[in-house]
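# Per-entry structural report
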Amino acid sequence: MLQIDDELNVYRNQLDREAIVLAVWKHKALIEYTMPNGTSALNIIASDDVHGEGDYRSVSYYGLTLRWLKILVDQSVAWEGRPQKGNPCPTPLDALSIKVGAA
C-alpha cells in the first residue's frame, strides 16, 4: 500500500515520470508527478498501485476537494504546484482557505 512520501514512476505523456505520494485516503492515493520542463500535475490512483501502472484520474490543483486539501494540510504536505497553464498554485493551506472562503 502506498503511503505519504512514497516515490514511484508513472507512465504519463508517453514516458515514465517520477511521482510522489502526497496523501492517502481509504483506497485512493493523491500523487504529483513532474515533467522535464519543470511543470507538475496531480493524479488520483489506487493506494495499492505501488508501480503506478493502473487506472488514474487527473485532477487540477484548483479542483481538489476539501477532503484532499484537509489531508494535505493535516499532514503538513507541500506540493510543487506548477501546472502547465497559469501561475504556480498556492500552498495547500492557502488553497484550502480560498476554497472554504468561497463556500
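For the structure, check the block above.
Residues numbered from 1 in each chain as written. Predicted model: local features only at pLDDT ≥ 70, side-chain atom pairs only at ≥ 80, totals over all residues. Heavy atoms only, no water.

Judged by pairing direction, the sheet is antiparallel, and its five strands sit side by side in the order β1-β2-β3-β4-β5 without closing on themselves. Looking at which strands have only one partner, the edges of the open sheet turn out to be β1 (7–12) and β5 (56–59). Across this sheet, the average inter-strand angle for adjacent strands is 40 degrees, counted without regard to direction. Taken together, the six bridges between strand β2 (residues 15–25) and strand β3 (residues 28–34) define a ladder with antiparallel strand orientation. If you follow Ile20 over to β3, its bridge partner there is Glu32. Across the sheet, helix α1 (residues 66–74) is in contact with β2, β3 and β4 (40–46); its angle to β2 comes to roughly 85 degrees. (Pairing = 2+ DSSP bridges. Helix = DSSP H or I, 4+ residues; strand = E, 2+ residues; numbered from the N terminus. Axes fitted to C-alpha atoms, helices over the stretch in contact; angles between N-to-C directions. Contact = heavy atoms within 4.5 Å.)

Purely geometric numbers; function is a separate question.
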